[in-house]
Amino acid sequence: MSYIIDGKAISAQIKEECRERVERLREKGVSVTLAVVLVGDDPASCVYVNNKKKACEFCGIESRTYELSADTTQQEVLNLVQTLNADESVNGILVQLPLPEHIDENEIIYAISPEKDVDGFHPYNVGALSIGLPGHVSCTPAGVIELLKRSNIEISGKHCVVVGRSNIVGKPMSMLLLRENGTVTVAHSKTADLKAVTSQADILVVAVGKPKFITEEYVKEGAVVIDVGIHRMDNKKLCGDVDFDRVEPKTKAITPVPGGVGVMTIAMLMHNCVTAAERKECYER
Ligand code: NDP
């Protein structure tokens, strides 16, 4: 029987810890604030921003949402980011992606102060991760590491295969697994004989962006499988990049969709936001 990793319970635990950390900061007279910038009215983005607000409320983090119309210029978004960078009361800045096509996402991300970049997308934070300096780590891969650790799954010495090499999931995921002393292989769309590679994994992390792409032939008996993917099917149900029903019987442990990695992302955003406030408090003391 496979162990189903309970992302809901683990994310609830992390948010509870954040609530306690916010309370300890409040006792020292420090409040925690997250600024969320939303450009346009993409329905999915609106849902994400709302969920972030709710999580902030639970943790005692003040959330300020800046809703800008879809025709806002690049310069106007940059001006807002600069204002938030200079605002001492703001600990974290999150610009909800994707941005409208006329806006250069990279330029906006690069404008965010690295210490307030709670999404962990700024090149400073990406670089810090790769050379082992403290910084903010991209929330989804950081959430995967928490899922593994809090489920007592050993990473050190294990062969970890990551399918996907995107800047927000695959690449930081591979760096984090390496930091935990995993032996890491990164596979992507040009990988020759993907099955032969994934079948060697003790821990298989899938972030390929294709519904039910990974079936049992890709998985070694007794592997741990982490499914980052999230897709809405025609019947409105959610599924991942892994065909759960076919893969689960072969695994030692597996994450479900929903209730696996997805719920961890916001919990780690809360964690990054509180960490930013704690670092600032420590620095100013
Ligand atoms: P991207 O589309 O940016 O990256 C997909 C990666 O998969 C690429 O590196 C691509 O390779 C690789 N790939 C595509 N096809 C194949 C193939 N046939 N064989 C091997 N590799 C392949 O996606 P993201 O990283 O942004 O997201 C991945 C998944 O995770 C998506 O389902 C997304 O919805 C989900 N997601 C979930 C989050 C959450 O909170 N749970 C957060 C972020 C993402 P190449 O580089 O060569 O093109």
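Note that the coordinates shown come from a computational prediction; the quantities given were computed from them, not determined experimentally.

Enquirer: Hey, could you run me through the packing of aromatic side chains in this one?
Expert: Aromatic ring pairs are reported here in terms of the distance separating the ring centres and the angle at which the planes meet. Following the criterion strictly, the structure yields 1 aromatic pair and no others. Between F213 and Y218 the ring centres are 5.8 Å apart and the planes differ by 40 degrees, which places this aromatic pair in the tilted class. You can call Y218 buried: its relative accessible area is 12%.

Enquirer: Please clarify how the pattern of salt bridges should be interpreted in this entry.
Expert: Two side chains carrying opposite charge are able to pair once their charged atoms lie near each other. Counted by the stated rule, this structure contains 15 salt bridges. Here D202 ties to K220 by a salt bridge, and the two come within 2.7 Å at their closest N and O atoms. Pair noted here: D202 is in the loop between α8 (194-198) and β7 (203-206) and K220 is in the loop between β7 and β8 (224-227), with a separation of 18 residues, a long-range link. A salt bridge links R246 to E216; the shortest N-O distance between them is 2.9 Å. Placement of the pair is R246 in helix α9 (residues 244-247) and E216 in the loop between β7 and β8, with a sequence separation of 30 residues.

Enquirer: Please clarify how the packing of helix α2 (residues 43-59) against helix α10 (residues 262-284) should be interpreted in this entry.
Expert: Running from amino to carboxyl end, α2 crosses α10 at an angle of 50 degrees, the nearest separation of the two axes being 10 Å. It follows from the interaxial angle that α2 and α10 lie oblique. Considering the relative orientation of α2 and α10, their crossing is right-handed. Where α2 approaches α10, its residues N51, K52, A55, C56 and C59 are matched on the opposing element by I266, L269 and M270. Of the residues that constitute the contact of α2 with α10, the class distribution is 6 nonpolar, 1 polar and 1 charged.

Enquirer: Help me out: how do you make sense of the sheet that holds β8 in this one?
Expert: In a beta sheet, neighbouring strands are held together by backbone hydrogen bonds and run either parallel or antiparallel to one another. Strand order in the open sheet formed by 6 strands is β1-β11-β8-β7-β5-β6, and the pairing between neighbours is parallel. Whereas interior strands pair on both sides, the edge strands pair on one side only; in this sheet they are β1 (3-4) and β6 (183-187). Bridge analysis of strand β5 (residues 159-163) against β6 gives 5 bridges, and the strand direction is parallel. Following the sheet pairing, C160 is matched in β6 by V184.

Enquirer: Explanation requested: the sheet that holds strand β3 (residues 62-68) in the structure shown.
Expert: Strand order across the open sheet formed by 3 strands is β3-β2-β4, with parallel pairing between neighbours. Edge positions in the sheet fall to β3 and β4 (92-95), since each of these pairs with one other strand and no more. Pairs of neighbouring strands in the sheet enclose a mean axial angle of 15 degrees, with direction left out of account. Bridge count between strand β2 (residues 33-39) and β3: 7 bridges; the pairing is parallel. Considered in β3, the bridge of A35 is made with R64.

Enquirer: I'm lost on a nonpolar patch on the surface in this one. Help?
Expert: Side chains of Y124, I131 and L133 sit close together on the surface and give an oily, nonpolar patch of about 330 Å² of accessible area. Structurally, L133 is set in the loop between α5 (123-131) and α6 (139-150).

Enquirer: How do you make sense of the site of the ligand when you look at a structure like this?
Expert: With respect to spatial proximity, 22 residues lie near the ligand, and among them R165, S166, S189, K210 and T265 are the closest. S166 is positioned such that a nitrogen or oxygen atom in its side chain is 2.5 Å from an oxygen atom of the ligand. V228 has a polar backbone atom sitting 3.5 Å from a nitrogen atom of the ligand. Protein burial of the ligand: of its 930 Å² of free accessible surface, 70% is covered by the chains. Residues that form the shell around the ligand fall into these classes: 9 nonpolar, 10 polar and 3 charged.

Enquirer: For this particular structure, what's the right way to read the layout of surface pockets?
Expert: A probe as big as a water molecule, rolled over the atoms, marks out the empty space that is left. In this structure, the largest pocket spans a volume of roughly 1,300 Å³. Listing elements by their share of the lining of the largest pocket, those giving two or more residues are α1 (7-27), α2, β4, α6, β9 (231-232) and α10. The greatest single-element share of the lining of the largest pocket, amounting to 7 residues, is contributed by α2. Residue classes in the lining of the largest pocket are distributed as 23 nonpolar, 13 polar and 7 charged.

The rules behind each value
Residues numbered from 1 in each chain as written. Predicted model: local features only at pLDDT ≥ 70, side-chain atom pairs only at ≥ 80, totals over all residues. Heavy atoms only, no water. Phe/Tyr/Trp six-rings, centres within 6.5 Å; stacked < 30°, edge-to-face > 60°. Buried < 20%, exposed > 50% of the residue type's maximum accessible area, 1.4 Å probe, protein only. Salt bridge = Lys/Arg side-chain N within 4 Å of Asp/Glu carboxyl O. Helix = DSSP H or I, 4+ residues; strand = E, 2+ residues; numbered from the N terminus. Axes fitted to C-alpha atoms, helices over the stretch in contact; angles between N-to-C directions. Parallel < 35°, antiparallel > 145°, perpendicular 65-115°, else oblique. Left-handed = near helix turned anticlockwise from the far one by under 90°. Contact = heavy atoms within 4.5 Å. Nonpolar A, V, L, I, M, F, W, Y, C, P; charged D, E, K, R; others polar. Pairing = 2+ DSSP bridges. Patch = residues over 30% accessible without salt bridge, like charges linked within 9 Å, V, L, I, M, F, W, Y side chains within 5 Å. Areas by Shrake-Rupley, 256 points an atom, 1.4 Å probe, with all protein chains shown as cover. Near = heavy atom within 4 Å. Polar contact = N/O pair within 3.5 Å; in protein donor to acceptor, adjacent residues only side chain to side chain. 1 Å grid on protein atoms, 1.4 Å probe; cavity = no way out; pocket = protein on both sides within 12 Å on 5 of 7 lines; lining within 4 Å. Points joined across faces, edges and corners; volume = space filled by probe spheres on them.

Fair warning: the whole summary comes from geometry, so function is off the table for now.
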